Amino acid sequence: MVLRNAVHKDLYADSVALMRVAARLAEPPGVETISLVMGTPANRDVLARSGLLTSPGHDAGPNDLLVAVRGEPDAVDTALALVIDALSGPGEGPGAGPEAGADAGPPVRSLAGAPAGASLAMISTPGPYAAAEALKALRLGMHAFVFSDHVPIEQEVLLKREAARRGLLVMGPDCGTAVIGGIPLGFANEVRAGCVGLVGASGTGLQQVSSLLHSLGSGVSHVIGTGSRDVSADVGGPTMRAGLDALAADPATEVIVLVSKPPAPHVAGQLLRHAGALGKPVVACFLGTDGTAPAPAGVTLAPTLSEAARSAASLAVGGALPPGEELPKLPAPAPPRRLLRALYAGGTFAHEAALLLGPALGDITRTAPPPVPGAAPRLPDRHLVLDLGDDEFTAGRPHPMIDPTVRTAYLRAALADPRSAAVVLDVVIGHGAAPDPAAALAEALAEAPDDSPPVIAFVVGTDDDPQGLTAQQRILRDAGAYVVDSSTTAARACAELLSIDGDLTLASAAPGSAAASSSRIGETA
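Definitions and limits used
Residues numbered from 1 in each chain as written. Predicted model: local features only at pLDDT ≥ 70, side-chain atom pairs only at ≥ 80, totals over all residues. Heavy atoms only, no water. Helix = DSSP H or I, 4+ residues; strand = E, 2+ residues; numbered from the N terminus. Expected span 1.5 Å × (residues − 1). Buried < 20%, exposed > 50% of the residue type's maximum accessible area, 1.4 Å probe, protein only. Polar contact = N/O pair within 3.5 Å; in protein donor to acceptor, adjacent residues only side chain to side chain. Contact = heavy atoms within 4.5 Å. Pairing = 2+ DSSP bridges. Right-handed = clockwise from strand over helix to strand, strands pointing away. Salt bridge = Lys/Arg side-chain N within 4 Å of Asp/Glu carboxyl O. Core = buried A, V, L, I, M, F, W, Y, C linked by side-chain atoms within 4.5 Å. Axes fitted to C-alpha atoms, helices over the stretch in contact; angles between N-to-C directions.

## Some remarks on helix H7 (residues 203-215)
- Taking 1.5 Å of rise per residue, the 13 residues of H7 would be expected to cover 18 Å, and the 18 Å separating its terminal C-alpha atoms lies within 8% of that figure.
- Within H7, 11 of the 13 residues are buried, which leaves the element mostly enclosed by the surrounding structure.
- Burial in H7 covers these residues: Thr204, Gly205, Leu206, Gln207, Gln208, Val209, Ser210, Ser211, Leu212, Leu213 and His214.
- One side-chain oxygen at the N-terminal end of H7 lies 2.9 Å from the backbone nitrogen of glycine 205; it belongs to serine 202.
- Residue glycine 217 follows H7 closely and has a positive phi angle near 90°.

Here it is as structure tokens:
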């Protein structure tokens, strides 16, 4: 095995393009690990901590492309030689789905070259430069979708103040998902046009709710991402508040949905009061917040992503929906099988699962030792709910929504572990995601022992996505997985299978909400 770095001076590519190319170049035999990043101090530090930085990489600057490859010598040399050609291929960039082709045309690389009348700028630069580019966009009268992360929080606050002063939106920093007027940005799905508008601080949460609305026959007017820190105490929720106002003023939007992991308590209160004054029905899904306090008039509190979608769809059609999907009948585990292994690519799904499963299963851990090259992952002797998109698992590697390598290793370990009683997997499709994410998981399932634990999987997306919802579900079913409709159903199925109390009530909704009294294990919202 060898480790080599290469530095390409003054060559920029955005992070999604780099992750997609890294995933492609990691496929040939002999390549153990490959990472493509811009040579910022933060990225060099990540590579150093991951044991992937050599002397050439130390000298990379923020405008330089830094490539690190570990593997067999010939395979490493080949990967390094293919980097530039791979980056020149079609369809690389945030929002570029598997179907993107040469006819898409070159992207605008400078705001100075933006066409007259452009109303939105998509910014994906190294974090230290993103705020300056976003400020340029605002001064040119454009909303800003800031895909970049590692932007100082003080700069985020200043950007959002400037946006509010100009009557514009700053979506981000670290905003992964939006659909504006039917145009997907970042990681997003092809959803039917309709009357439900969403605003949220959770990319995969927005994808789940918008895709479920599509499956329920409803549709979406706009999906406005805020960035993960928008609803923190330090930032205060300005983009979520501005998004609410924009959707309230939009004649195509009749119902509004808020989606987020727990906002700061005072921010949540302010946002709910603001939502109640809009004059349009609002469904608020703030995962993990106290749902027992009464909601303002006009606001429905939904404790789960599935219930948020069903509540919004019900409001949109003006009536009740058919019953939700029943839980699958899973084989009862026999000793020594007793532990859950939930292996998520989407952090919001891991958060929702931990909330739903905590009362049912008791002791749950959210951490596991990161993978060691050449060794199978070690799993704890506890129930495990893991976000494999977390920084500790993506350091020097593409996100699991793009490259399944790390998650597949954990899946094989879980299937081989005699303690495993159930395994949960999410598959996120759509723009920006891998072209066939179910296939790699299905390969691991096909190799599993005959007595391996049941695998519960759900696919986030629609049949209009390039990968196709039905096609991805079929691949998983054919490999032996139990496929359910949502993250919520998957968590409830595990709770029913492994609960320490078979009559336990899960995540009760707020009194008077559409989801109230429909959350006992075995029931569907």
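## With respect to the environment of glutamine 208
- Relative to the helices and strands, glutamine 208 resides in helix H7.
- Here the alpha-carbon distance between glutamine 208 and valine 428, two residues 220 residues apart in the chain, equals 8.8 Å.
- Not counting residues up to four positions away in its chain, the partners in contact with glutamine 208 are Leu305, Phe349, Phe458, Val460, Asp485, Ser486 and Ser487.

## Concerning the pairing of strand S5 (residues 143-146)
- Pairing of strand S4 (residues 120-123) with S5 involves four bridges; the strand directions are parallel. Note that in S5 the partner of leucine 120 across the bridge is histidine 143.
- Regarding topology, helix H5 (residues 127-139) serves as the crossover connection from S4 to the parallel S5, and that connection is right-handed.
- Examined bridge by bridge, S5 and strand S6 (residues 170-171) share two bridges and lie parallel to one another. Pairing of phenylalanine 145 across the sheet is with methionine 171, part of S6.
- Between the parallel pair S5 and S6, the chain is carried across by helix H6 (residues 153-166), and the sense of this crossover is right-handed.

## Describing the pattern of salt bridges
- As enumerated under the stated definition, the model contains 18 salt bridges in all.
- Notably, a salt bridge pairs lysine 160 with aspartate 230, separated by 2.7 Å at the nearest N-O pair. Within this pair, whereas lysine 160 is found in helix H6, its partner aspartate 230 is found in the loop between strand S10 (220-225) and helix H8 (238-249), the two being separated by 70 residues in sequence.
- For arginine 166, the salt bridge goes to glutamate 162, with nearest N and O atoms at 2.5 Å. A residue pair is termed a helical-turn pair when its members lie 3 or 4 positions apart in one helix, as arginine 166 and glutamate 162 do in helix H6 at four residues.
- Its relative accessible area of 16% is what places glutamate 162 among the buried residues.
- One connected set of salt bridges, linked through shared partners, spans Arg338, Arg341, Asp381, Asp417 and Arg419.

## Thoughts on the nonpolar core
- Counting 87 residues, the largest nonpolar core has Leu198, Val209, Leu213, Val257, Leu340, Tyr344 and Leu357 as the members making the most contacts within it.
- Those residues in contact with leucine 198 that lie beyond four places of it in its chain are Leu206, Val209, Ser210, Leu213, Val220, His222, Val223, Ile224, Leu247 and Val257.
- Within the second largest apolar cluster, 29 residues are counted, among which are Val423, Val455, Ala457 and Val459.

## Considering the sheet that holds strand S16 (residues 383-387)
- One open sheet accounts for six strands, arranged S15-S16-S14-S17-S18-S19; its pairing is parallel. Only two strands of the sheet have a single partner each, and these edge strands are strand S15 (364-365) and strand S19 (482-484).
- Examined bridge by bridge, strand S18 (residues 455-460) and S19 share three bridges and lie parallel to one another. Directly across from alanine 457, in S19, lies its bridge partner valine 483.
- Packing of helix H16 (residues 487-498) onto the sheet brings it into contact with strand S14 (339-344), S16, strand S17 (420-428), S18 and S19, and relative to S17 it is tilted by some 180°.

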